[in-house]
Protein chains: 2
Amino acid sequence: MKILVDAMGGDHAPQAPVEAAVRAAGELDIEIALIGDEKVIRSELKKYSGYPTDKLTIVHAPEMISNHEEPAKAVRQKKGASVVVAANMLKKGEGDAMLSMGNTGALLASGLLIVGRIKGILRPALGTILPTAKGPKLLIDAGANTNCKPENLVQFGIMGHVYMKNVLEIDKPQVGLMSIGEEEGKGDDLTKKTYSLMKAAPFEFYGNIEGRDVMEGTTDVMVCDGFVGNVVLKTVEGMGHVIGGMVKELFTKNIKTKIGALFVMDGVKDFKKKLDYREYGGAPLLGCKKPVIKGHGSSDAFAVFNAIRQAKQFVATNVIDGIAECLDNMEE
Amino acid sequence: MKILVDAMGGDHAPQAPVEAAVRAAGELDIEIALIGDEKVIRSELKKYSGYPTDKLTIVHAPEMISNHEEPAKAVRQKKGASVVVAANMLKKGEGDAMLSMGNTGALLASGLLIVGRIKGILRPALGTILPTAKGPKLLIDAGANTNCKPENLVQFGIMGHVYMKNVLEIDKPQVGLMSIGEEEGKGDDLTKKTYSLMKAAPFEFYGNIEGRDVMEGTTDVMVCDGFVGNVVLKTVEGMGHVIGGMVKELFTKNIKTKIGALFVMDGVKDFKKKLDYREYGGAPLLGCKKPVIKGHGSSDAFAVFNAIRQAKQFVATNVIDGIAECLDNMEE
């Protein structure tokens, strides 16, 4: 198995992807191709000695796509951009999965325009693993699609269900529909129509969930339009950041609180670990013909390593075939 | 000034509204009418001696609206329900503002069907004060309207702006539009159209904000469709609940952590106070001809007292006239 890693994208590139790739090539029994500016990657690799060179290759891709470019246009024009090179390799079978910490729009466009959709999937969607009170749960769509139709949301449910079953090994993942009331009649036009379709869908449909269920982790999969999902995801991240700052302030205020901190240090570490997105890898772009994963832009080497491990699971557990089968069953 | 308080609604009724009304009648230099089952209220009032009976009256309203009834229908049929009696009194000028901790749907329907809209307002909206890193900020609409149009969102901005200026005494409140990207072109169909309208609106338009700005408190007013606002509000409340539980667990784990807790107790109290919705009163239903306030269903007497104080400010600072003037200026 070969994982294609964009070495140029993200806040800590190329250091974080290169460090993670070196570790993954050594530990995970997979091959890695680092894709990006060869000179830059080679120079970064000099920091590490003794990594398995047979398992770690470099593919030269000199161009960059900036955040200010129109993604679809940039993907069509910049054939030498690392994310475009990776997507083309994935399409041709020169790799089994791709991972990028770079520009989200460019990754979505590469997945859609180059890798292509699974037959029957109307729109691929970004799934994000959220740490909750009941463990890691999947929010889908976290921002790939706005103005969704009910059929899109049902397919998000199917894809999320297969992902959680295969990659996170949950026996019968429950799928919840994000709304603003528990009862069937509650919600907006989109969720009301989606509710009746989901009752007939080939997964365990829990019914409506609400915002309070996000961190409670009420269901394994939380389905929503990408606008709502993106707002929810960033609200949770932002709140984590604000509260993290408050907790830090609380313990560093004065000598007395610093002493107090010593007594609860272990618990604080557990607490931080539970809420640390880096533990849970990247966001799968579900619905493409091959596994595509978006790593968080601020990923450090630890986060990139976990995303590579997740990519391996994504391939090994045949998520793509599982989604295709589930769609076939539904159409019959 | 007389505030009409629904004594029957909420998880802690009649105890919480009655206790809060007694305190408010004594401290806030206003009159209070407690509306609900007279016998129940009288019996509850026996707990308190020496409150100013000239400032605290009871209005008998024996009926109840349950959570399972269709709100608009219930409001039309149950003339004796406390929230309906309060709305009719408000309409007739027998009170200056109304507050209920009961069924949200019934309160919204009473506001819309009985109290009525300010001329020119298409849809009233629920504003909710959120505690943020930069102090209390207003999220509007927090759940009164789904499937909004751009004109609705612009009016939410106007109403939120006037409320924050008058009631929270913010000099030039900045209004942000909730979206999924900072740049003007980012968002869904609704926010893209709203953006161009907001540029010409009679308030300080900040531009797009994202989920991470909610708890950062980037803008004084955060405007969104009621579906999105309700999901955001409940996500924040739910996350507060989960993290609160984790912090409690952290400090009560064993003898060592319990000792640690003693050192940081003051800070934890500050921290809890900062995130405590009870400090900030209720959610104003903005756009009605008279001040209508929705208190949180789980309000205790302290929260109800703060909501009554907020109702007083709502009346005293002429929010309704301010909204009407702002609309007039816009139409000219």
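Counting of residues starts from 1 at the beginning of each chain's written sequence and follows it residue by residue. Chains carry letters and ligands carry numbers; both start at the beginning, A for chains and 1 for ligands, and go up in the order they are written. For this predicted model, a pLDDT threshold of at least 70 governs which residues receive local features, and a threshold of 80 or more governs which side-chain atom pairs are given and counted, while totals over whole chains, interfaces and linings are taken from all residues. Side-chain calculation: all heavy atoms of the structure are included, whereas hydrogens and water are not.

**Q** Tell me about the overall build of chain A, and name the residues and values.
**A** Helix and strand counts for chain A stand at twelve helices and eleven strands. Relative to the globule expectation of 20 Å for 332 residues, the C-alpha radius of gyration of chain A, 20 Å, shows essentially globular dimensions. Seen along its three principal axes, the alpha-carbon backbone of chain A occupies a region of about 60 × 60 × 40 Å. Relative to all contacts within chain A whose residues are 6 or more apart in sequence, the contacts with residues 24 or more apart total 73%. For the purposes of this entry, the term helix denotes a DSSP run of H or I that reaches at least four residues, the term strand denotes a run of E that reaches at least two, and both are numbered from the N terminus. Here the globule rule reads 2.2 Å times residues to the power 0.38, and the radius of gyration is calculated from C-alpha atoms. The contact criterion used is simple: two residues touch if any of their non-hydrogen atoms lie within 4.5 Å.

**Q** Quick rundown of the relation of the copies chain A and chain B? Include the residues and the values.
**A** The two copies are related by a screw motion: chain A maps onto chain B through a turn of 180° and a shift of 0.0 Å along the axis, at an RMSD of 0.0 Å. Overall, the copies show the geometry of a two-fold rotation axis. Relative to the rotation axis, the C-alpha of Gly260(A) is the closest in chain A, positioned 2.1 Å from it. Both copies share a contact surface, since 100% of the interface residues of chain A are interface residues in chain B too. The superposition of copies rests on a least-squares fit of C-alpha positions from residues with pLDDT of 70 or more in both.

**Q** So what's going on with the packing of aromatic side chains? Residues and values would help.
**A** Ring pairs shown here join Phe, Tyr and Trp side chains whose ring centres sit within 6.5 Å, with only the six-membered ring taken for Trp; geometry is labelled stacked below 30 degrees between planes, edge-to-face above 60, and tilted in between. With the rule as written, the count across this model stands at four aromatic pairs over all chains. With a centroid separation of 5.1 Å and an interplanar angle of 75°, the aromatic rings of Tyr195(A) and Phe205(A) are classed as edge-to-face. You can see Tyr195(A) sitting in helix 7 (residues 189–199) and its partner Phe205(A) sitting in strand 8 (residues 204–209), a full ten residues away along the chain. For the pair shown, Tyr195(A) and Phe205(A) are each scored as buried. For the pair Tyr163(B) and Phe314(B), a centre-to-centre distance of 5.5 Å together with 80° between the ring planes defines the contact as edge-to-face. One end of the pair, Tyr163(B), is in helix 6 (residues 150–166); the other, Phe314(B), is in helix 11 (residues 301–316), and 151 residues separate them in sequence. Placement of a charge over a ring requires the Lys NZ or Arg CZ to be within 6 Å of the ring centre, with the centre-to-atom vector within 35 degrees of the ring normal. A cation over a ring is seen here: Arg23(A) above Phe305(A), with NZ or CZ 3.6 Å from the ring centre. Under the scheme applied here, a residue whose accessible area is under 20% of the maximum for its type counts as buried, over 50% as exposed, and between as partly exposed, the area being computed with a 1.4 Å probe on protein chains only.

**Q** Got a sec to walk through the packing of helix 9 (residues 226–252) of chain A against helix 9 (residues 226–252) of chain B? Specific residues and values, please.
**A** Helix packing for two helices is described by the angle between their axes and how far apart those axes are. Between N-to-C directions, angles span 0 to 180 degrees; the directions come from axes that are lines fitted to C-alpha atoms, helices contributing only their stretch in contact. For the pair helix 9 of chain A and helix 9 of chain B, interaxial distance at closest approach is 10 Å and the crossing angle is 35°. Handedness of the crossing formed by helix 9 of chain A with helix 9 of chain B: right-handed. Each of Phe227(A), Val228(A), Val231(A), Val232(A), Thr235(A), Val236(A), Met239(A), Gly240(A), Ile243(A) and Phe251(A) in helix 9 of chain A lies in contact with helix 9 of chain B, whose residues at this interface are Phe227(B), Val228(B), Val231(B), Val232(B), Thr235(B), Val236(B), Met239(B), Gly240(B), Ile243(B) and Phe251(B). Ten residue types, Ala, Val, Leu, Ile, Met, Phe, Trp, Tyr, Cys and Pro, are classed as nonpolar, four, Asp, Glu, Lys and Arg, as charged, and the remainder, Gly among them, as polar. Its residues assigned to classes, the contact of helix 9 of chain A with helix 9 of chain B shows 16 nonpolar, four polar and no charged. By the definition used in this description, the sense in which the near helix is turned from the far one sets the handedness, with an anticlockwise turn below a right angle giving left-handed and a clockwise turn giving right-handed.

**Q** Kindly report on the nonpolar core, identifying the contributing residues and their values.
**A** For the purposes of this section, nonpolar cores are sets of buried Ala, Val, Leu, Ile, Met, Phe, Trp, Tyr and Cys residues that join through side-chain atoms within 4.5 Å. Met98(A), Phe251(A), Met98(B) and Phe251(B) are the most contacted members of the largest nonpolar core, which totals 108 residues. Other than its neighbours up to four places away in sequence, Phe251(A) contacts Thr257(A), Lys258(A), Ala261(A), Val264(A), Val268(A), Phe251(B) and Val264(B). Judged by nonpolar contacts, the second largest core, of 62 residues, contains Ile121(A), Ile140(A), Met164(A) and Tyr195(A).

**Q** Could you give me a rundown of the sheet that holds strand 5 (residues 125–132) of chain B, with the residues and numbers involved?
**A** What holds strands together in a sheet is hydrogen bonding between their backbones, with the strands either parallel or antiparallel. All names here are of chain B. The pairing criterion for strands is at least two bridges between them, as found by DSSP. Taken together, the eleven strands give an open sheet; going across it, the order is 3-2-1-4-11-10-5-6-9-7-8, and neighbouring strands pair in mixed fashion. Lying at the two open borders of the sheet, with one neighbouring strand each, are strand 3 (56–60) and strand 8 (204–209). Each strand of the sheet is rotated relative to its neighbour by a mean of 25°, with strand direction disregarded. Where strand 4 (residues 97–100) lies against strand 11 (residues 292–294), three bridges are found, and the strand directions are parallel. Opposite Leu-99, over in strand 11, you have Ile-293 as the bridge partner. Where helix 1 (residues 15–27) meets the sheet, it contacts strand 1 (2–6), strand 2 (31–36) and strand 3, and its direction lies at approximately 165° from that of strand 2.

**Q** Give a detailed account of the pattern of salt bridges, specifying residues and quantitative values.
**A** Definition used for salt bridges: Asp or Glu carboxyl oxygen within 4 Å of a side-chain nitrogen of Lys or Arg. Tallying each qualifying case throughout the model produces 22 salt bridges over all chains. One salt bridge connects Lys137(A) with Asp220(A), and the closest N-O pair in it is separated by 2.9 Å. Taken together, the residues span a long stretch of sequence, with Lys137(A) in strand 6 (residues 135–140) and Asp220(A) in the loop between helix 8 (212–216) and strand 9 (221–223) at a distance of 83 residues. With respect to burial, Lys137(A) and Asp220(A) carry one shared label: buried. As a salt-bridge pair, Arg212(B) and Glu182(B) come within 3.4 Å of each other at their nearest N and O atoms. Here Arg212(B), found in helix 8 (residues 212–216), pairs with Glu182(B), found in the loop between strand 7 (174–178) and helix 7 (189–198); they are 30 residues apart in sequence, far enough to count as distant. The class for Arg212(B) is partly exposed, based on a relative accessible area of 36%. Put simply, Glu182(A), Glu210(A), Arg212(A) and Lys234(B) are held in one network by salt bridges that share partners.

**Q** Tell me about a negative patch on the surface, and name the residues and values.
**A** Residue and element names in this part refer to chain A. For patch detection, residues must exceed 30% relative accessible area and be free of salt bridges, and they are connected within 9 Å for like charges or within 5 Å for nonpolar side chains (Val, Leu, Ile, Met, Phe, Trp, Tyr). Residue exposure ignores everything except the shown protein chains as possible cover, and the areas themselves are Shrake-Rupley values with a 1.4 Å probe. Neither His nor the chain termini are counted; the positive set is Lys and Arg, and the negative set is Asp and Glu. Where a charge lies is defined by one atom per residue type, namely NZ (Lys), CZ (Arg), CG (Asp) and CD (Glu). A surface patch of like charges, here negative, comprises Asp-321, Glu-325, Asp-328 and Glu-331. Tracing the chain through its elements places Glu-331 in helix 12 (residues 319–331). Since its relative accessible area comes to 60%, Glu-331 is described here as exposed.

**Q** Give me the lowdown on the pairing of strand 2 (residues 31–36) of chain A, citing residues and values where you can.
**A** A regular strand carries its side chains on alternate faces of the sheet. Residue and element names in this part refer to chain A. For strand 2, a buried count of five out of six residues is recorded, marking the element as mostly surrounded by other parts of the structure. Two strands pair when backbone bridges link them, and strand 1 (residues 2–6) and strand 2 are joined in this way by five bridges, in the parallel orientation. Among the inter-strand pairings, Asp-6 is bridged to a residue of strand 2, identified as Ile-35. We call a crossover right-handed when, viewed with both strands directed away from the observer, the connection leading from the first strand over the helix to the second proceeds clockwise. Between the parallel elements strand 1 and strand 2, the chain passes through helix 1 (residues 15–27) in a crossover that is right-handed. Pairing analysis gives five bridges linking strand 2 to strand 3 (residues 56–60), with the strands arranged parallel. Each residue of the ladder has a partner; that of Ile-35, found in strand 3, is Val-59. Note on the crossover from strand 2 through helix 2 (residues 38–45) to strand 3: the handedness is right-handed.

**Q** Quick one: what's the story with the sheet that holds strand 3 of chain A, residue by residue and with numbers?
**A** All names here are of chain A. The strand order 3-2-1-4-11-10-5-6-9-7-8 describes an open sheet built from eleven strands, whose pairing is mixed. Looking at which strands have only one partner, the edges of the open sheet turn out to be strand 3 and strand 8. Strand-to-strand twist in this sheet, taken as the mean axis angle between neighbours without regard to direction, amounts to 25°.

**Q** Tell me what's going on with the confidence of the model for chain A, and back it up with residues and numbers.
**A** Per residue, pLDDT measures the predictor's confidence, with a range of 0 to 100. Looking at chain A, the pLDDT average stands at 93 and 100% of residues meet or exceed 70. Model confidence for the complex is summarised by a pTM of 0.93, with the ipTM given as 0.92.

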